[in-house]
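Report on the structure
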Amino acid sequence: MTTQFLSPGSRWVYAAKPQSWPKLLVPMAFGQGLGAYVGGGVSAAALCFGLLFVIADLLYIVFLNDWGDAAVDRIKREMFPDGCSAKTIPDRILPGRALLIAGVAAGGCALVVGFVFEGWLARPGLGLAGGTALAIFWAYTLPPVRLNYRGGGEVLEALGVGAVLPWMNAYAQAGELWSSTYLLLGPFIVLSLASALASGLSDERSDRRGGKRTVASTVGNQATRRLVEALLAVGAIGWLCSPWWMPQRVPWAVTAFGAAVVFAFVPRLLSRTRGAVTDAFREQGRYKLELHRAIWWSATIMAAILAALAELR
(Lines give C-alpha, C1' and ligand atoms only; values in the text may rest on other atoms or scores of the structure.)
Protein backbone atom coordinates (compact mmCIF):
# COMPACT_ATOMS: atom_id res chain seq x y z
CA MET A 1 0.00 0.00 0.00
CA THR A 2 1.34 3.45 -0.93
CA THR A 3 0.89 5.71 2.07
CA GLN A 4 2.75 8.90 1.17
CA PHE A 5 -0.23 10.27 -0.77
CA LEU A 6 -2.81 9.69 1.96
CA SER A 7 -4.46 12.79 3.38
CA PRO A 8 -4.49 13.26 7.17
CA GLY A 9 -8.16 12.27 7.27
CA SER A 10 -7.54 9.15 5.21
CA ARG A 11 -4.73 8.15 7.55
CA TRP A 12 -7.04 8.29 10.56
CA VAL A 13 -9.77 6.40 8.72
CA TYR A 14 -7.25 3.69 7.82
CA ALA A 15 -6.04 3.49 11.42
CA ALA A 16 -9.64 3.23 12.65
CA LYS A 17 -10.08 0.01 10.60
CA PRO A 18 -13.81 0.44 9.87
CA GLN A 19 -13.92 -2.99 8.20
CA SER A 20 -13.39 -4.55 11.65
CA TRP A 21 -16.15 -2.62 13.40
CA PRO A 22 -18.81 -5.36 13.10
CA LYS A 23 -16.74 -7.33 15.64
CA LEU A 24 -18.18 -5.02 18.31
CA LEU A 25 -21.25 -3.59 16.57
CA VAL A 26 -22.81 -7.05 16.26
CA PRO A 27 -22.37 -7.95 19.97
CA MET A 28 -23.83 -4.56 20.82
CA ALA A 29 -26.84 -5.24 18.60
CA PHE A 30 -27.26 -8.75 19.98
CA GLY A 31 -27.30 -7.43 23.54
CA GLN A 32 -29.73 -4.69 22.60
CA GLY A 33 -32.07 -7.29 21.07
CA LEU A 34 -31.93 -9.49 24.16
CA GLY A 35 -32.58 -6.49 26.39
CA ALA A 36 -35.48 -5.28 24.28
CA TYR A 37 -37.09 -8.71 24.51
CA VAL A 38 -36.64 -8.84 28.29
CA GLY A 39 -37.77 -5.25 28.79
CA GLY A 40 -40.76 -5.46 26.50
CA GLY A 41 -39.75 -2.83 23.98
CA VAL A 42 -36.94 -0.86 22.39
CA SER A 43 -35.58 2.14 24.28
CA ALA A 44 -34.17 4.75 21.91
CA ALA A 45 -32.03 6.19 24.72
CA ALA A 46 -30.53 2.77 25.48
CA LEU A 47 -29.83 2.24 21.79
CA CYS A 48 -28.12 5.64 21.71
CA PHE A 49 -25.96 4.57 24.64
CA GLY A 50 -24.98 1.37 22.86
CA LEU A 51 -23.95 3.14 19.67
CA LEU A 52 -22.00 5.93 21.38
CA PHE A 53 -20.20 3.57 23.75
CA VAL A 54 -19.28 1.00 21.13
CA ILE A 55 -17.90 3.60 18.70
CA ALA A 56 -15.70 5.10 21.41
CA ASP A 57 -14.71 1.60 22.53
CA LEU A 58 -13.82 0.60 18.98
CA LEU A 59 -11.51 3.58 18.53
CA TYR A 60 -9.95 2.93 21.92
CA ILE A 61 -9.23 -0.67 20.93
CA VAL A 62 -7.92 -0.20 17.40
CA PHE A 63 -5.69 2.76 18.22
CA LEU A 64 -4.17 1.28 21.37
CA ASN A 65 -3.87 -2.16 19.79
CA ASP A 66 -1.71 -0.69 17.02
CA TRP A 67 0.34 1.15 19.64
CA GLY A 68 0.75 -1.92 21.84
CA ASP A 69 1.55 -4.29 18.96
CA ALA A 70 3.90 -2.00 17.03
CA ALA A 71 6.93 -4.25 17.56
CA VAL A 72 5.16 -7.40 16.33
CA ASP A 73 3.61 -5.49 13.42
CA ARG A 74 7.10 -4.36 12.44
CA ILE A 75 8.29 -7.96 12.48
CA LYS A 76 5.44 -9.01 10.21
CA ARG A 77 6.15 -6.25 7.71
CA GLU A 78 9.81 -7.32 7.62
CA MET A 79 8.83 -10.96 7.11
CA PHE A 80 6.15 -10.28 4.49
CA PRO A 81 6.83 -6.90 2.85
CA ASP A 82 4.48 -7.69 -0.03
CA GLY A 83 2.19 -10.21 1.61
CA CYS A 84 0.29 -8.31 4.29
CA SER A 85 -1.54 -5.03 4.69
CA ALA A 86 0.23 -1.84 5.71
CA LYS A 87 0.69 -1.43 9.46
CA THR A 88 -0.19 1.92 10.99
CA ILE A 89 3.03 2.61 12.92
CA PRO A 90 5.68 0.61 10.99
CA ASP A 91 4.48 2.08 7.67
CA ARG A 92 4.37 5.58 9.14
CA ILE A 93 0.71 6.09 8.46
CA LEU A 94 0.45 7.69 11.91
CA PRO A 95 3.00 8.13 14.70
CA GLY A 96 2.70 5.99 17.79
CA ARG A 97 2.31 8.98 20.10
CA ALA A 98 -0.74 10.20 18.16
CA LEU A 99 -2.36 6.77 18.36
CA LEU A 100 -1.67 6.56 22.09
CA ILE A 101 -3.25 9.94 22.77
CA ALA A 102 -6.24 9.24 20.52
CA GLY A 103 -6.78 5.79 22.04
CA VAL A 104 -6.69 7.07 25.61
CA ALA A 105 -9.04 9.92 24.67
CA ALA A 106 -11.47 7.48 23.06
CA GLY A 107 -11.39 5.31 26.18
CA GLY A 108 -12.12 8.39 28.29
CA CYS A 109 -15.08 9.21 26.05
CA ALA A 110 -16.40 5.66 26.47
CA LEU A 111 -16.20 6.02 30.26
CA VAL A 112 -18.04 9.35 30.14
CA VAL A 113 -20.77 7.80 27.99
CA GLY A 114 -21.18 4.95 30.46
CA PHE A 115 -21.53 7.18 33.52
CA VAL A 116 -23.74 9.77 31.79
CA PHE A 117 -26.18 7.12 30.62
CA GLU A 118 -26.06 5.39 34.00
CA GLY A 119 -27.80 8.46 35.39
CA TRP A 120 -29.98 9.13 32.35
CA LEU A 121 -31.31 5.57 32.09
CA ALA A 122 -31.26 4.94 35.87
CA ARG A 123 -29.01 1.90 35.42
CA PRO A 124 -26.79 1.63 38.51
CA GLY A 125 -23.38 0.21 37.68
CA LEU A 126 -23.55 0.85 33.92
CA GLY A 127 -20.50 3.10 34.06
CA LEU A 128 -18.59 0.46 36.01
CA ALA A 129 -19.58 -2.14 33.40
CA GLY A 130 -18.18 0.14 30.71
CA GLY A 131 -14.96 0.48 32.66
CA THR A 132 -14.78 -3.30 32.91
CA ALA A 133 -15.09 -3.62 29.14
CA LEU A 134 -12.23 -1.17 28.70
CA ALA A 135 -10.11 -2.96 31.32
CA ILE A 136 -10.54 -6.29 29.53
CA PHE A 137 -8.90 -4.89 26.41
CA TRP A 138 -6.14 -3.26 28.44
CA ALA A 139 -5.36 -6.62 30.03
CA TYR A 140 -5.48 -8.24 26.59
CA THR A 141 -2.70 -6.30 24.91
CA LEU A 142 -1.16 -3.66 27.20
CA PRO A 143 1.21 -3.74 30.20
CA PRO A 144 1.41 -5.09 32.81
CA VAL A 145 -0.84 -8.10 32.01
CA ARG A 146 -0.54 -8.41 28.21
CA LEU A 147 -2.43 -11.70 28.23
CA ASN A 148 -2.26 -11.99 24.46
CA TYR A 149 1.50 -12.33 24.84
CA ARG A 150 1.37 -14.74 27.78
CA GLY A 151 -1.41 -17.04 26.50
CA GLY A 152 -5.15 -16.93 26.98
CA GLY A 153 -5.82 -13.69 25.14
CA GLU A 154 -8.44 -15.32 22.93
CA VAL A 155 -10.45 -16.43 25.97
CA LEU A 156 -10.32 -12.90 27.38
CA GLU A 157 -11.46 -11.50 24.03
CA ALA A 158 -14.33 -13.98 23.86
CA LEU A 159 -15.51 -12.98 27.33
CA GLY A 160 -15.30 -9.28 26.54
CA VAL A 161 -16.93 -9.47 23.11
CA GLY A 162 -19.27 -12.39 23.76
CA ALA A 163 -20.40 -11.63 27.31
CA VAL A 164 -19.54 -8.23 28.82
CA LEU A 165 -20.34 -6.00 25.85
CA PRO A 166 -23.68 -7.62 24.90
CA TRP A 167 -24.67 -8.01 28.57
CA MET A 168 -24.18 -4.32 29.34
CA ASN A 169 -26.26 -3.43 26.28
CA ALA A 170 -28.99 -5.84 27.37
CA TYR A 171 -28.92 -4.28 30.83
CA ALA A 172 -29.13 -0.79 29.34
CA GLN A 173 -32.22 -1.81 27.37
CA ALA A 174 -34.05 -3.93 29.93
CA GLY A 175 -32.97 -2.42 33.24
CA GLU A 176 -32.49 -5.94 34.59
CA LEU A 177 -29.05 -7.07 35.70
CA TRP A 178 -29.99 -10.70 35.06
CA SER A 179 -32.59 -12.62 33.14
CA SER A 180 -32.53 -16.24 32.04
CA THR A 181 -32.84 -14.91 28.49
CA TYR A 182 -29.26 -13.70 28.87
CA LEU A 183 -28.21 -17.36 28.85
CA LEU A 184 -28.29 -17.09 25.07
CA LEU A 185 -24.98 -15.31 25.52
CA GLY A 186 -23.43 -18.70 26.36
CA PRO A 187 -23.39 -19.96 22.76
CA PHE A 188 -22.44 -16.46 21.62
CA ILE A 189 -19.32 -16.61 23.81
CA VAL A 190 -18.38 -19.86 22.06
CA LEU A 191 -18.85 -18.23 18.65
CA SER A 192 -16.81 -15.23 19.77
CA LEU A 193 -14.02 -17.57 20.83
CA ALA A 194 -14.03 -19.09 17.34
CA SER A 195 -13.64 -15.60 15.89
CA ALA A 196 -10.84 -14.74 18.31
CA LEU A 197 -8.89 -17.89 17.43
CA ALA A 198 -9.30 -17.26 13.71
CA SER A 199 -7.88 -13.75 14.09
CA GLY A 200 -4.50 -15.22 14.95
CA LEU A 201 -4.20 -17.28 11.77
CA SER A 202 -2.74 -14.50 9.65
CA ASP A 203 -0.16 -13.64 12.32
CA GLU A 204 0.93 -17.18 13.16
CA ARG A 205 4.63 -16.98 12.30
CA SER A 206 5.18 -13.30 13.08
CA ASP A 207 3.47 -13.70 16.47
CA ARG A 208 5.67 -16.69 17.21
CA ARG A 209 8.79 -14.71 16.36
CA GLY A 210 7.54 -11.67 18.28
CA GLY A 211 6.76 -13.63 21.44
CA LYS A 212 2.96 -13.59 21.30
CA ARG A 213 1.44 -16.82 22.61
CA THR A 214 -1.77 -17.19 20.64
CA VAL A 215 -3.40 -20.51 19.88
CA ALA A 216 -2.29 -20.26 16.25
CA SER A 217 1.31 -19.47 17.15
CA THR A 218 1.35 -22.31 19.70
CA VAL A 219 -0.45 -25.24 18.06
CA GLY A 220 -0.27 -24.18 14.42
CA ASN A 221 -2.61 -23.34 11.58
CA GLN A 222 -4.39 -26.62 10.95
CA ALA A 223 -5.21 -27.38 14.58
CA THR A 224 -6.49 -23.82 15.04
CA ARG A 225 -8.79 -24.10 12.02
CA ARG A 226 -10.20 -27.39 13.27
CA LEU A 227 -10.87 -25.84 16.67
CA VAL A 228 -12.53 -22.80 15.05
CA GLU A 229 -14.84 -25.04 13.03
CA ALA A 230 -15.70 -27.16 16.08
CA LEU A 231 -16.51 -24.09 18.16
CA LEU A 232 -18.72 -22.71 15.39
CA ALA A 233 -20.73 -25.93 15.41
CA VAL A 234 -20.93 -26.01 19.22
CA GLY A 235 -22.22 -22.44 19.35
CA ALA A 236 -24.89 -23.10 16.74
CA ILE A 237 -25.97 -26.33 18.46
CA GLY A 238 -26.19 -24.42 21.73
CA TRP A 239 -28.77 -22.07 20.21
CA LEU A 240 -30.56 -24.93 18.47
CA CYS A 241 -30.92 -26.91 21.70
CA SER A 242 -31.89 -23.96 23.89
CA PRO A 243 -35.37 -25.40 24.73
CA TRP A 244 -33.65 -28.21 26.64
CA TRP A 245 -31.32 -26.10 28.78
CA MET A 246 -32.90 -22.65 29.20
CA PRO A 247 -35.32 -22.32 32.14
CA GLN A 248 -37.20 -19.45 30.51
CA ARG A 249 -37.13 -19.69 26.78
CA VAL A 250 -37.37 -17.23 23.98
CA PRO A 251 -39.38 -18.76 21.13
CA TRP A 252 -37.50 -21.79 19.86
CA ALA A 253 -38.09 -20.69 16.27
CA VAL A 254 -35.87 -17.65 16.92
CA THR A 255 -32.87 -19.58 18.22
CA ALA A 256 -33.36 -22.35 15.65
CA PHE A 257 -33.34 -19.75 12.90
CA GLY A 258 -30.12 -18.27 14.28
CA ALA A 259 -28.54 -21.71 14.32
CA ALA A 260 -29.76 -22.37 10.78
CA VAL A 261 -28.06 -19.20 9.56
CA VAL A 262 -24.77 -20.37 11.08
CA PHE A 263 -25.09 -23.81 9.51
CA ALA A 264 -25.92 -22.24 6.14
CA PHE A 265 -22.43 -20.74 6.08
CA VAL A 266 -20.64 -23.91 7.19
CA PRO A 267 -20.25 -25.36 3.66
CA ARG A 268 -18.86 -22.02 2.47
CA LEU A 269 -16.43 -21.97 5.38
CA LEU A 270 -15.30 -25.55 4.79
CA SER A 271 -14.78 -24.85 1.10
CA ARG A 272 -12.18 -22.26 2.14
CA THR A 273 -10.43 -24.21 4.87
CA ARG A 274 -8.10 -26.24 2.65
CA GLY A 275 -6.52 -23.12 1.17
CA ALA A 276 -6.28 -21.14 4.41
CA VAL A 277 -2.88 -22.57 5.31
CA THR A 278 0.04 -20.80 6.98
CA ASP A 279 0.99 -17.53 5.22
CA ALA A 280 -1.81 -17.86 2.65
CA PHE A 281 -3.14 -14.45 3.65
CA ARG A 282 -5.70 -14.00 0.90
CA GLU A 283 -7.29 -17.42 1.47
CA GLN A 284 -7.19 -16.88 5.22
CA GLY A 285 -9.08 -13.63 4.66
CA ARG A 286 -11.76 -15.46 2.68
CA TYR A 287 -11.96 -18.15 5.34
CA LYS A 288 -12.43 -15.57 8.11
CA LEU A 289 -14.98 -13.69 6.02
CA GLU A 290 -17.24 -16.76 5.86
CA LEU A 291 -16.74 -17.36 9.59
CA HIS A 292 -17.67 -13.79 10.43
CA ARG A 293 -20.67 -13.86 8.13
CA ALA A 294 -21.94 -16.94 9.97
CA ILE A 295 -21.57 -15.26 13.36
CA TRP A 296 -22.58 -11.72 12.45
CA TRP A 297 -25.61 -12.55 10.33
CA SER A 298 -27.03 -15.05 12.81
CA ALA A 299 -26.65 -12.78 15.83
CA THR A 300 -27.93 -9.69 14.02
CA ILE A 301 -31.00 -11.46 12.65
CA MET A 302 -31.82 -12.94 16.06
CA ALA A 303 -31.46 -9.48 17.64
CA ALA A 304 -33.80 -7.94 15.06
CA ILE A 305 -36.42 -10.66 15.56
CA LEU A 306 -36.29 -10.37 19.35
CA ALA A 307 -36.65 -6.58 19.19
CA ALA A 308 -39.59 -6.91 16.79
CA LEU A 309 -41.30 -9.46 19.05
CA ALA A 310 -40.81 -7.13 22.00
CA GLU A 311 -42.52 -4.30 20.15
CA LEU A 312 -45.42 -6.57 19.11
CA ARG A 313 -46.17 -7.86 22.61
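Now for a look at the structure at hand. (Residues numbered from 1 in each chain as written. Predicted model: local features only at pLDDT ≥ 70, side-chain atom pairs only at ≥ 80, totals over all residues. Heavy atoms only, no water.)

1. Considering the side chain of Gln 284
Mapped onto the elements of the fold, Gln 284 is located in helix H15 (residues 281-312). We classify Gln 284 as buried; its relative accessible area is 0%. With near-sequence residues (within four places) excluded, Gln 284 lies in contact with Leu 201, Ser 202, Asn 221, Ala 276, Val 277, Thr 278 and Asp 279. (Helix = DSSP H or I, 4+ residues; strand = E, 2+ residues; numbered from the N terminus. Buried < 20%, exposed > 50% of the residue type's maximum accessible area, 1.4 Å probe, protein only. Contact = heavy atoms within 4.5 Å.)

2. Examining the environment of Ser 85
Along the polypeptide, Ser 85 turns up in the loop between helix H4 (70-79) and helix H5 (96-121). Linking Ser 85 and His 292, residues 207 residues apart in sequence, is a C-alpha distance of 19 Å. Ser 85 has contacts with Tyr 14 and Arg 77, leaving out every residue within four places of it along the chain.

3. A word on empty space enclosed by the protein
Following the criterion strictly, the structure yields 1 cavity of 30 Å³ or more and no others. Taken together, Lys 23, Val 26, Pro 27, Glu 157, Val 161, Phe 188, Ser 192, Ser 195, Ile 295 and Trp 296 form the lining of the largest cavity. A breakdown of the residues in the lining of the largest cavity according to their chemical character gives 6 nonpolar, 2 polar and 2 charged. (1 Å grid on protein atoms, 1.4 Å probe; cavity = no way out; pocket = protein on both sides within 12 Å on 5 of 7 lines; lining within 4 Å. Points joined across faces, edges and corners; volume = space filled by probe spheres on them. Nonpolar A, V, L, I, M, F, W, Y, C, P; charged D, E, K, R; others polar.)

4. Some thoughts on the packing of aromatic side chains
Evaluated as defined, the whole model comprises 11 aromatic pairs. With centroids separated by 5.6 Å and ring planes inclined at 10°, the aromatic side chains of Trp 167 and Tyr 171 adopt a geometry described as stacked. On the criterion of helical spacing, the pair formed by Trp 167 and Tyr 171 is a turn pair, its members being 4 residues apart in helix H8 (residues 153-174). Of the residues examined, Trp 167 reaches a relative accessible area of 24% and is grouped as partly exposed. Using a relative accessible area of 3% as the deciding quantity, one classes Tyr 171 as buried. (Phe/Tyr/Trp six-rings, centres within 6.5 Å; stacked < 30°, edge-to-face > 60°.)

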